[in-house]
Amino acid sequence: LMDFLRRLLSHPLIQRVIRNTGYLFSAQTISAALSMGQGILAARLLGVEGAGLVGIITQFSSNANQLTSFRMGELVLSFVGEFMARGKPEWAAAVFKAAVLVEFIGSALAYGLVLVFARLGAQIFAHEPALAPLFSVYGLSVLASLFAESGEGLLQYFDRFRLIAGITIGQSLLTVGLIAAAFLRGGGLMDVVLAYLAGKVAWGVAISLASLQEARRSWGPGWWKAPLMGLRGRWRDLVRFAVSTNLSGTIKLVTRDSEMLWLGAFSSPLQVGYYKIAKAVSNVVMMPVTPLIRTTYREVAREVADRQWENVRYLLRSGTLIAAAWTLPAALGLILFGRWVVALYGSEFLPTSFDALMILLAGVAAANILYWNQLVLLPLGMPDYPTKVQFVAAIGKVAGTVLLVPIMGALGMAALLSGFLIFTSGALVWKSLRALRHAELRPVPAAGG
């Protein structure tokens, strides 16, 4: 075992993944602790229903943003990586410029949607039309995000993970400080929503500005003049990638990122509060794997661009072992001590939040261990396949939501998410390994173009 670990840790690819994951993991560990602290304070300040209303308000705006988002971070990583590997920095700069413009327009459009549908959202999801102004106020987080997705993708490509980690910690410190102040003075729902808004705005602005500085450092002060027409031979690939990832993101929005809205619409803010705490505690299992996804994708995209297939396989095998080494003990820990953790948010969250947590762990563990299930498909030019798999699973999940959530509430939503994660992870792993085998057999394309 020790020999295996030494070989694993001595590989330069794994060293880069672990180093960069370490930056993000350290930031996420600190941020998760702060997030848990702010969640406990907010839950004790507002109660179960109040916690549910916070989840509904914040998720409404984030979903509007995802609806108009083309997940430009992944596009930037894939195509900037490809063009830099081919020695075409002017094309890479043009890709980032295009991504920034598209994302900024999408952010503005998303904020418009929030303003238009705020009252309807408050009525349907929160069952309180008077909360519409809070929906509109928090929607400013979407507009202030500017082009943070594209910016984060660029910072990841140029190995600025430590900078991303620092910004993440700063955001968390700001948010928890504001919520703690609200808790001490006996604030209410408005104070908590404004605290979350301040954190989101700070993160989006900081990432966007840092990425502009990185673009200037890497491509010179005139990088933004890179002609978009230089990409005319690749517009079809760029559009296909963006549309496919947008559709994939939209399906994810419907099935995973809007669960509090589904719960609010088909059940009540009370059930949203129970589920929100179960999801928050389950994030302990996901905590180190979330940054591992980003750091692994950076290396996978580079190795695929260079056709280093053995390195890609090595990354996937090693990543699986690393993820399992954390996921299994963490899940066991929550099984044994999860009831006590949930009780920190308030005794009124027991037993429903704990039961929902136990159901969630099965799906979260599977998705965690197989976290790379679609990372190979994107740089291999198959961004639409995850969309197809998730669409099939989405049909079942939406049907299950309509049938189960009105009866089972938070427990029904937890069961549906767990099943969704298990099904999609298994299907995408099978396709990824098959696509990798086919890519290895394809001849090397001719140089140029």
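The rules behind the values
Residues numbered from 1 in each chain as written. Predicted model: local features only at pLDDT ≥ 70, side-chain atom pairs only at ≥ 80, totals over all residues. Heavy atoms only, no water. Helix = DSSP H or I, 4+ residues; strand = E, 2+ residues; numbered from the N terminus. Rg over C-alpha atoms; globule rule 2.2 N^0.38 Å. Buried < 20%, exposed > 50% of the residue type's maximum accessible area, 1.4 Å probe, protein only. Contact = heavy atoms within 4.5 Å. Areas by Shrake-Rupley, 256 points an atom, 1.4 Å probe, with all protein chains shown as cover. Lys, Arg positive; Asp, Glu negative; His and termini not counted. Charge placed at Lys NZ, Arg CZ, Asp CG, Glu CD. Core = buried A, V, L, I, M, F, W, Y, C linked by side-chain atoms within 4.5 Å. Salt bridge = Lys/Arg side-chain N within 4 Å of Asp/Glu carboxyl O. pLDDT = per-residue confidence, 0-100. Phe/Tyr/Trp six-rings, centres within 6.5 Å; stacked < 30°, edge-to-face > 60°. Axes fitted to C-alpha atoms, helices over the stretch in contact; angles between N-to-C directions. Parallel < 35°, antiparallel > 145°, perpendicular 65-115°, else oblique. Left-handed = near helix turned anticlockwise from the far one by under 90°. Nonpolar A, V, L, I, M, F, W, Y, C, P; charged D, E, K, R; others polar.

Asks: An account of the overall build of the chain is needed here, citing residue identities and associated values.
Replies: A tally of regular secondary structure across the chain gives 17 helices and zero strands. Against the compact-globule benchmark of 22 Å for 449 residues, the chain has a radius of gyration of 22 Å, which places it among compact chains. Principal-axis analysis of the C-alpha atoms places the extent of the chain at approximately 65 × 50 × 40 Å. For the chain, buried positions account for 53% of its 449 residues. Taking as baseline every contact in the chain between residues at least 6 positions apart, the subset at least 24 positions apart corresponds to 85%. Total accessible area computed for the chain in this model is approximately 18900 Å², and 68% of it derives from carbon and sulfur atoms. A distance of 5 Å separates the average location of the 38 positive side-chain charges in the chain from that of its 23 negative side-chain charges.

Asks: How would you summarise helix α7 (residues 148-157) if you had to cite specific residues and measurements?
Replies: For α7, the tally of buried residues reaches nine of 10 residues, placing the bulk of the element in the interior. Within α7, the full set of buried residues consists of Ala148, Ser150, Gly151, Glu152, Gly153, Leu154, Leu155, Gln156 and Tyr157. Within two residues after α7, aspartate 159 carries a phi angle of roughly 65°, on the positive side.

Asks: Explain the nonpolar core to me, using residue names and the numbers behind them.
Replies: Of all hydrophobic cores here, the largest spans 60 residues; its most connected members are Leu131, Phe135, Leu189, Tyr275, Val281 and Phe349. Sort the elements by how many residues they give to this core and helix α2 (residues 12-68) lands first, with 11 residues. Among residues more than four places away in sequence, those in contact with leucine 189 are Leu46, Gly50, Leu53, Val54, Ile57, Leu131 and Leu134. The next biggest cluster of nonpolar side chains, apart from the first, holds 51 residues, and it includes Val80, Tyr157, Phe158 and Trp219.

Asks: An account of the side chain of aspartate 257 is needed here, citing residue identities and associated values.
Replies: One can find aspartate 257 in the loop between α10 (235-255) and α11 (259-266). Contact partners of aspartate 257, with chain neighbours within four places excluded, come to Gln59, Asn63, Gln66 and Lys252.

Asks: Give me the lowdown on the pattern of salt bridges, citing residues and values where you can.
Replies: Counting across every chain of the model gives 10 salt bridges. Across the salt bridge formed by arginine 234 and aspartate 237, the nearest N and O atoms sit 2.8 Å from each other. For arginine 234, a relative accessible area of 16% puts it in the buried group. You can call aspartate 237 partly exposed: its relative accessible area is 35%. Between arginine 317 and glutamate 310 there is a salt bridge, and its shortest N-O distance comes to 3.5 Å. Because the salt bridges share partners, they merge into one network encompassing Glu82, Arg86, Arg234 and Asp237.

Asks: Let's hear about the environment of leucine 155: which residues, and what values?
Replies: The topology assignment puts leucine 155 in helix α7. Put simply, leucine 155 and glycine 73 are 82 residues apart on the chain and 9.5 Å apart in space, counted from C-alpha to C-alpha. Other than its neighbours up to four places away in sequence, leucine 155 contacts Arg160, Leu163, Ile164, Ile207, Ala210, Ser211 and Glu214.

Asks: Now, about the side chain of glutamine 390: what can you tell me, with residues and values included?
Replies: As for its position among the elements, glutamine 390 is in helix α16 (residues 384-408). Classification of glutamine 390 as buried rests on a relative accessible area of 9%. In contact with glutamine 390, not counting residues within four places along its chain, are Ser248, Ile251, Gln374, Phe420, Thr424 and Leu428.

Asks: Let's hear about the confidence of the model for the chain: which residues, and what values?
Replies: For the chain, mean pLDDT is 87; residues scoring 70 or higher make up 92% of the total. Put simply, helix α1 (residues 2-10) is where the chain has its lowest mean pLDDT, 54, and helix α5 (residues 132-138) is where it has its highest, 96.

Asks: Can you lay out the packing of aromatic side chains for me, pointing to particular residues and giving the numbers?
Replies: Under the definition given, this model contains 12 aromatic pairs. Between the aromatic rings of phenylalanine 60 and phenylalanine 125, the centroid separation amounts to 6.2 Å while the plane-to-plane angle is 55°, which identifies the pairing as tilted. Here phenylalanine 125 lies in the loop between α4 (89-124) and α5 and phenylalanine 60 lies in helix α2, a separation of 65 residues in the sequence. Taking relative accessible area as the criterion, phenylalanine 60 reaches 12% and is therefore assigned buried. With centroids separated by 6.4 Å and ring planes inclined at 45°, the aromatic side chains of phenylalanine 79 and phenylalanine 83 adopt a geometry described as tilted. With phenylalanine 79 and phenylalanine 83 both in helix α3 (residues 72-85) and four residues apart, this pair spans about one turn of that helix. Exposure class is identical for phenylalanine 79 and phenylalanine 83. Each is buried.

Asks: Break down the packing of α11 against α16 for me, citing the residues and quoting the values.
Replies: α16 packs onto α11 with a crossing angle of 45° between their chain directions and a minimal axis gap of 9 Å. Here α16 runs oblique to α11, going by the angle between their axes. Note that α11 runs across α16; the crossing there is right-handed. When α11 is examined against α16, the residues Glu259, Trp262, Leu263 and Phe266 are found in contact with a partner set consisting of Lys397, Val398, Thr401, Val402, Val405 and Pro406. Among the residues making up the contact of α11 with α16, the classes are represented as seven nonpolar, one polar and two charged.

Asks: An account of the packing of α11 against helix α12 (residues 269-286) is requested, with residue identities and associated values reported.
Replies: It is at 9 Å that the axes of α11 and α12 come closest, and there the two elements cross at 160°. The orientation of α11 with respect to α12, classified from their angle, is roughly antiparallel. The crossing of α11 and α12 is right-handed. For the pair α11 and α12, contact is made by Glu259, Met260, Leu263 and Gly264 and by Gln271, Val272, Tyr275, Lys276 and Lys279, respectively. In terms of residue class, the contact of α11 with α12 is made up of four nonpolar, two polar and three charged.

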